[in-house]
Amino acid sequence: MLDIDRMANENEKCLTLDSVRQSLIRQEDIIVFSLIDRARFPINSPTYNESHVSIPGFSGSLLQFLVKETEALQAKAGRYANPEEHPFFPDNLPPSLVPLHNSTEVLHPPATSININKSIWDMYFSKLLQLFAAPGDDGNYASTAASDLVCLQAISRRIHYGKFVAEVKFRESPQEYEPAIRAKDRVALMKLLTFESVEEMVKTRVAKKAMMFGQEVNLNNDDNKGKCKVDPSVVSRLYGDWIMPLTKLVQVEYLLRRLD
């Protein structure tokens, strides 16, 4: 029993503001690289057209088919037992078929009900994709759908990581958050979670990463110098307009349940 208590305490100590910050920075790399990979393909509209494919026993687009089938497979492997991961189609997912790691939960139990992937899906396909994928059709629909899913999962993981951000902030200063939580004051909570100088720094950093990671390399001349596979301003906008606001939305929803 003492060993279990000691492990629980060690796991809780691992969740610090610095460890959360380092994880968010690493996730920036994954998001930038996923966007660069998706930019290899044009829009490829048939990927999203429900009338383009006819799959026995399935009604929907090729993208929807790939995402649902992939998530079902990953669920069997235990992916969604990880509190950092959230499926886009959570209904009727099969249970894990593999033994799960016996780790101590660090999030408040009601956090499992928070999943804003529908908003992330809508944002990605209605607003973001057209900003960095070129118009056109090269016929690589399955690869396009697979690349979209990598982008979606990376963005979803980053946004829902707001639960961990909220938990560590609450632990460090519960007295700052409890009055607004008890009053169900979303506006007050949002103000407590907003640091404009930090957000500007993040936007600058991810733009620089997009510029560095996505540069065209040509050993013969400098014709491609300055060209990037994904416009750095798009990555900055992704964070400023969508990732950080949605992350704060997740944090607010988490904190409103923190005293339940």
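Residues numbered from 1 in each chain as written. Predicted model: local features only at pLDDT ≥ 70, side-chain atom pairs only at ≥ 80, totals over all residues. Heavy atoms only, no water.

Student: Describe the side chain of H86, listing the residues and the values that go with them.
Tutor: Structurally, H86 is set in the loop between helix 3 (62-76) and helix 4 (117-132). Residue class for H86 comes out buried when judged on its relative accessible area of 10%. At 2.8 Å, the side chain of H86 forms a polar contact with the side chain of K163. Not counting the four nearest positions on each side in its chain, H86 is found in contact with Y80, I114, N115, N117, S156, H160 and K163. (Helix = DSSP H or I, 4+ residues; strand = E, 2+ residues; numbered from the N terminus. Buried < 20%, exposed > 50% of the residue type's maximum accessible area, 1.4 Å probe, protein only. Polar contact = N/O pair within 3.5 Å; in protein donor to acceptor, adjacent residues only side chain to side chain. Contact = heavy atoms within 4.5 Å.)

Student: Give me the pattern of salt bridges: which residues, what numbers.
Tutor: Scanning the model with the defined rule gives 17 salt bridges in all. Where R38 meets D148, a salt bridge forms, and the shortest distance between an N and an O atom there is 2.8 Å. Of this pair, R38 sits in helix 2 (residues 17-38) while D148 is found in helix 5 (residues 141-160), placing the two residues 110 residues apart along the sequence. Residue classification places D148 among the buried positions, given a relative accessible area of 0%. By sharing partners, the salt bridges in this structure join E28, D29, R205 and K209 into a single network. (Salt bridge = Lys/Arg side-chain N within 4 Å of Asp/Glu carboxyl O.)

Student: Please provide a residue-by-residue account of the packing of aromatic side chains, values included.
Tutor: For the coordinates displayed, the defined rule picks out eight aromatic pairs. A ring pair is formed by F33 and F213, whose centres lie 4.6 Å apart and whose planes are at 5 degrees; its orientation type is stacked. Here F213 lies in helix 9 (residues 196-213) and F33 lies in helix 2, a separation of 180 residues in the sequence. Chaining the aromatic ring pairs together yields one cluster made of Y48, F88, F89, W121, Y124 and F125. Here the guanidinium or amino end of K68 rests over the ring plane of F89, the centre of that ring lying 4.9 Å away. (Phe/Tyr/Trp six-rings, centres within 6.5 Å; stacked < 30°, edge-to-face > 60°. Lys NZ or Arg CZ within 6 Å of the ring centre and 35° of its normal.)

Student: Please provide a residue-by-residue account of the state of the cysteines, values included.
Tutor: In protein chemistry, a disulfide is the covalent bond that joins the sulfur atoms of two cysteines. Inspection of every chain in the model, using the stated rule, returns zero disulfides. Residue C151 stays outside any disulfide, its sulfur separated by 17 Å from that of C228, the closest cysteine. In this structure C151 comes out as buried when scored by relative accessible area, which is 0%. (Disulfide = S-S within 2.5 Å.)

Student: Quick rundown of the side chain of K163? Include the residues and the values.
Tutor: Within the secondary structure layout, K163 lies in helix 6 (residues 162-172). An unpaired buried charge is present at K163: no salt bridge exists, and E253, the closest side chain of opposite charge, is 11 Å distant. A polar contact is formed between the side chain of K163 and the backbone oxygen of I114, at a distance of 2.9 Å. When sequence neighbours within four positions are dropped, the list of residues in contact with K163 reads H86, L107, A111, T112, I114, V250 and Y254. (Lys, Arg positive; Asp, Glu negative; His and termini not counted.)

Student: Now, about the environment of E167: what can you tell me, with residues and values included?
Tutor: Along the chain, E167 falls in helix 6. Judged by relative accessible area, E167 falls into the buried class, the value being 1%. Each C-alpha atom of the pair E167 and V106 lies 8.1 Å from the other, and the pair is 61 residues apart in sequence. Setting aside its immediate chain neighbours within four residues, E167 contacts L15, V106, L107, H108, Y254 and R258. Within the local environment of E167, its side chain forms a polar contact with the side chain of Y254, the two groups lying 2.4 Å apart.

Student: Please set out the nonpolar core residue by residue, giving values where relevant.
Tutor: Counting 60 residues, the largest nonpolar core has L35, L128, I155 and L238 as the members making the most contacts within it. Top element by residues in this core is helix 10 (residues 232-257). It accounts for 13 residues. (Core = buried A, V, L, I, M, F, W, Y, C linked by side-chain atoms within 4.5 Å.)

Student: How would you summarise the layout of surface pockets if you had to cite specific residues and measurements?
Tutor: Taken as a whole, the largest pocket spans an internal volume of roughly 950 Å³. Every residue lining the largest pocket is counted, 31 residues in all, and those nearest its centre are A81, N82, P83, E84 and F164. Contributions of two or more residues to the lining of the largest pocket are made by helix 1 (2-14), helix 2 and helix 6. Across the lining of the largest pocket, the residue classes tally to 16 nonpolar, 11 polar and four charged. Of the voids in this model, the second largest pocket is the one considered here, and its volume is about 590 Å³. Surrounding the second largest pocket, 24 residues form its lining, L24, V165, K169, F195 and V198 being those nearest its centre. Mapped by element, the contributors of at least two residues to the lining of the second largest pocket are helix 2, helix 6, helix 7 (174-182), helix 9 and helix 10. At six residues, helix 2 tops the list of elements feeding residues into the lining of the second largest pocket. Here the residues of the lining of the second largest pocket are counted per class, giving 12 nonpolar, three polar and nine charged. (1 Å grid on protein atoms, 1.4 Å probe; cavity = no way out; pocket = protein on both sides within 12 Å on 5 of 7 lines; lining within 4 Å. Points joined across faces, edges and corners; volume = space filled by probe spheres on them. Nonpolar A, V, L, I, M, F, W, Y, C, P; charged D, E, K, R; others polar.)

Any functional reading would require information that these geometric values do not contain.
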